[in-house]
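# Examining the three-dimensional arrangement
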Amino acid sequence: MDSNKIEALLAKYWECETSLEEENELREYFSQRDIPAQFREAAALFAYFGEQRNKQVKEIAFDSKVVERIQTSTSANRSKVVRLMYNFSKIAAGLIVVVVATYYIRSEIRKTTPQEMVDTYSDPKLAFEETKKALMMISKSFGHAEEQAKKINLLNEAKENIQEESDTQEL
């Protein structure tokens with residue numbers, strides 16, 4: 001066979017574009033003894049493929065072992081799925097308990113706290129007068145607190161003066 005044709009077929013083969021007939025031509029060509037040096041690597045590959053194709057499974061129990069392995073792996077996968085679903089159901093149940101508990105706690109809190117402030121006075125003038133009284137009482141308390149704060153400031157100033165005098169005497 002022409003080496004140019006073999007090169008073209010190999011290029012198509014490496015690009016995965018050959019047909020079955022072209023691959024058979026390559027197999028036949030590489031099954032010969034006299035192969036040029038430029039095709040030795042491809043010849044070794046095709047020889048390996050030929051050997052693997054001709055190998056027979058020599059163990060009689062091979063099929064039963066394969067089937068057994070498939071069955072054990074599917075049963076193991078099923079048990080994993082069952083465990084996974086069981087764990088998810090536990091998590092979902094826990095979340096449901098938390099949501100229900102939160103709902104009941106919030107409803108109890110709403111029952112114990114007043115919904116809205118209700119006006120205690122129906123007459124706005126009377127409400128205004130009562131508000132003035134309350135603000136005056138707070139104002140007097142602030143005045144008294146301001147007097148006490150002044151006394152504290154005087155004590156602090158006296159303390160600072162005493163410390164300054166004692167510091168100057170030590171020097």
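Here is a short report on the structure shown in this document.

### Digging into the overall build of the protein chain
A tally of helices and strands in the protein chain yields five helices and zero strands. Moving toward the C terminus, one meets the helices and strands of the protein chain in the order α-α-α-α-α. A globule of 171 residues ought to have a C-alpha radius of gyration of about 16 Å, yet the protein chain, at 49 Å, is considerably larger. If you line up the protein chain on its principal axes, its C-alpha atoms span 120 × 65 × 40 Å.

### What to know about the environment of Met137
Mapped onto the secondary structure, Met137 falls in helix 5 (residues 124-170). Note on Met137: relative accessible area 58%, which makes it exposed. The sequence separation of Met137 and Thr102 amounts to 35 residues, and the corresponding C-alpha distance is 43 Å.

### Some thoughts on unusual backbone geometry
Positive phi, normally seen in glycine, also occurs at Cys16, with a value near 60°. With respect to the secondary-structure elements, Cys16 resides in the loop between helix 1 (3-14) and helix 2 (20-30). Judged by its relative accessible area of 70%, Cys16 falls in the exposed class.

### Overview of the pattern of salt bridges
This model, assessed by the stated rule, comprises five salt bridges. One salt bridge in this structure joins Lys5 and Glu25, with 3.4 Å as the shortest N-O distance. You can see Lys5 sitting in helix 1 and its partner Glu25 sitting in helix 2, a full 20 residues away along the chain. Exposure remark for Lys5: the relative accessible area of 41% places this residue in the partly exposed category. Residue classification places Glu25 among the partly exposed positions, given a relative accessible area of 26%.

### Here we look at helix 3 (residues 40-54)
Taking 1.5 Å per residue as the helical rise, helix 3 with its 15 residues ought to reach 21 Å, and the 21 Å between its terminal C-alpha atoms agrees with that figure. Along helix 3, the positions that sit buried rather than exposed are Ala42, Ala43 and Phe46. Considered in projection along helix 3, the buried side chains sweep an arc of 100° and stay on one side of the axis. Turned more than 90 degrees off the buried face of helix 3, the exposed positions are Arg40 and Glu41. On its buried side, helix 3 packs onto helix 1 and helix 2.

The rules behind these values
- Residues numbered from 1 in each chain as written.
- Predicted model: local features only at pLDDT ≥ 70, side-chain atom pairs only at ≥ 80, totals over all residues.
- Heavy atoms only, no water.
- Helix = DSSP H or I, 4+ residues; strand = E, 2+ residues; numbered from the N terminus.
- Rg over C-alpha atoms; globule rule 2.2 N^0.38 Å.
- Buried < 20%, exposed > 50% of the residue type's maximum accessible area, 1.4 Å probe, protein only.
- Salt bridge = Lys/Arg side-chain N within 4 Å of Asp/Glu carboxyl O.
- Expected span 1.5 Å × (residues − 1).
- Arc of directions from axis to C-beta.
- Contact = heavy atoms within 4.5 Å.

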